[in-house]
Amino acid sequence: KKMHITSPLIGAHMIENVLPGIYIADYLGMSVKEIQEALASLKPLPKTMIRHTSLQGTTLIDDTFNVNPDGVIAAMEYAQIYKGKKMLVLEPMIELGNRAAKEHYRVGKALAHHCDYLFLTKKNYQQHLLQGILDEKGTCVLKVAKAAEIVAFINDHTDKNDIVVFEGRQAAVALNKIV
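Note that the coordinates shown come from a computational prediction; the quantities given were computed from them, not determined experimentally.

What counts, and at which threshold
Residues numbered from 1 in each chain as written. Predicted model: local features only at pLDDT ≥ 70, side-chain atom pairs only at ≥ 80, totals over all residues. Heavy atoms only, no water. Phe/Tyr/Trp six-rings, centres within 6.5 Å; stacked < 30°, edge-to-face > 60°. Helix = DSSP H or I, 4+ residues; strand = E, 2+ residues; numbered from the N terminus. Buried < 20%, exposed > 50% of the residue type's maximum accessible area, 1.4 Å probe, protein only. Arc of directions from axis to C-beta. Contact = heavy atoms within 4.5 Å.

Trainee: Just checking my understanding: could you explain the packing of aromatic side chains for this structure?
Mentor: Given two aromatic rings, their pairing is described by the distance between the two centres and the angle made by the two planes. What the rule picks out here adds up to 5 aromatic pairs. Where Tyr23 meets Tyr27, the ring centres are 6.4 Å apart and the plane angle is 15 degrees; that geometry is what we call stacked. One end of the pair is Tyr23 and the other is Tyr27, both in helix α1 (residues 15–27) and 4 residues apart, which spans about a single turn. Judged by its relative accessible area of 65%, Tyr27 falls in the exposed class. An aromatic cluster is present here, built from Tyr117, Phe119 and Phe153 joined pairwise through their rings.

Given below as structure tokens:
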């Protein structure tokens, strides 16, 4: 069965979340219209891929509920649909235990060509992220900065074609100063 659907959820990674629901709804006999209406009424959980717009028209993505390697990568893959600069404000992922260094390196490799600027809210794992970017010969500029510095940079260097993704609670501090 073919159907055209829309949903306010953003990011390709959300598709794997809604497909089982579509399948089950169809299997249980819901009409195409009922399925379309249900999908159109979905709302993302708070602080999970929520789109905001700055005064300059820059797209700001609040994904600050929690931060994990796959979520960071998925959010920045979503950012690729934007034509302008891509920035990420990231709270280092300190809860990863003995995998933290390896995971930050993996994220750095994945972001190497997916962002123009990567702002860390703390210097934890800075070297691992940077090494991943360098090993991929990436162009992403990594900076460690406080919320006020990040906000000033975003306000001075972004416009309507740009996107900034915020990951983690400390990144939310910068986001809240912009929104």
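Trainee: Is there a simple way to think about helix α6 (residues 147–157) in this case?
Mentor: Every α-helical turn comprises 3.6 residues, leaving residues that sit three or four positions apart pointing alike. Listed in full, the buried residues belonging to α6 are Ala147, Ile150, Val151, Phe153 and Ile154. Considered in projection along α6, the buried side chains sweep an arc of 165 degrees and stay on one side of the axis. When the buried face of α6 is taken as reference, the exposed residues oriented beyond 90 degrees from it are Ala148 and Asp156. Along its buried surface, α6 packs onto β3 (86–90), β4 (117–120), β5 (141–144), β6 (163–167) and α7 (169–178).

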